[in-house]
Amino acid sequence: MAAKRRKMKAVVCCAGGTKGAPCRYGCFGDGKCAEVCRLKAITVENGVARVNEEKCVGCGLCVKTCPQKIIRLFPAEDTIRPLCSNADPGKEARAVCDNSCIGCGICEKNCPAGAIHVTGNHAVIDTEKCLACGMCAVKCPRGVIRDHDGIFTVN
């Protein structure tokens, strides 16, 4: 019997810098991802790619096309997601963005499943271990980790 495929959804890193200077790890807003999306699930708004999860089927074309490699596929049922790819140390990340991960590790310390770790100065979730309890999202002092259902955090 074939293994059941999990439905995937694409998610883009956050705004790419909110203090005037662009985050070098954020979205360039060039629209290549939107151009390859056959279902028009991606739009570029204010220079940042946004994924309409209702339209997205998780084909992965945008992931392959993104020059920054910041569009990721998540299982559709995994709604707890970190939205920062900034690999700079906390002080530098904070200097360019109000919403950047500063690698504080609070999410990691509060995860009952051991599913989230600070890797490369930003939070990364192991979707196989994540219980979607939302504890990391609730405890994140910068609002980087979001619950896309809006139960624990505002989208």
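What counts, and where the lines are drawn
Residues numbered from 1 in each chain as written. Predicted model: local features only at pLDDT ≥ 70, side-chain atom pairs only at ≥ 80, totals over all residues. Heavy atoms only, no water. Patch = residues over 30% accessible without salt bridge, like charges linked within 9 Å, V, L, I, M, F, W, Y side chains within 5 Å. Areas by Shrake-Rupley, 256 points an atom, 1.4 Å probe, with all protein chains shown as cover. Salt bridge = Lys/Arg side-chain N within 4 Å of Asp/Glu carboxyl O. Helix = DSSP H or I, 4+ residues; strand = E, 2+ residues; numbered from the N terminus. pLDDT = per-residue confidence, 0-100. Contact = heavy atoms within 4.5 Å.

A separate point is a nonpolar patch on the surface. There is a patch of nonpolar side chains on the surface, built from Val138, Ile151 and Phe152 and spanning about 300 Å² of accessible area. Along the chain, Phe152 falls in the segment after strand 8 (145-147).

The next point concerns unusual backbone geometry. The backbone phi angle of Lys69 is positive, close to 60°, even though this residue is not glycine. Locating Lys69 in the fold gives a position in the loop between helix 2 (61-65) and strand 4 (71-75). Although it is not a glycine, Asn121 sits at a positive phi angle of roughly 70°. In this structure, Asn121 sits in the loop between strand 6 (116-119) and strand 7 (122-125).

What follows is about the confidence of the model for the protein chain. Across the protein chain, the average pLDDT comes to 85, with 86% of residues at 70 or higher. The secondary structure element of the protein chain with the lowest average pLDDT is strand 1 (residues 8-12), at 70, and the one with the highest is helix 4 (residues 106-110), at 96. The low-confidence segment residues 1-5, where pLDDT is below 50, has zero contacts with residues more than four positions distant or belonging to other chains.

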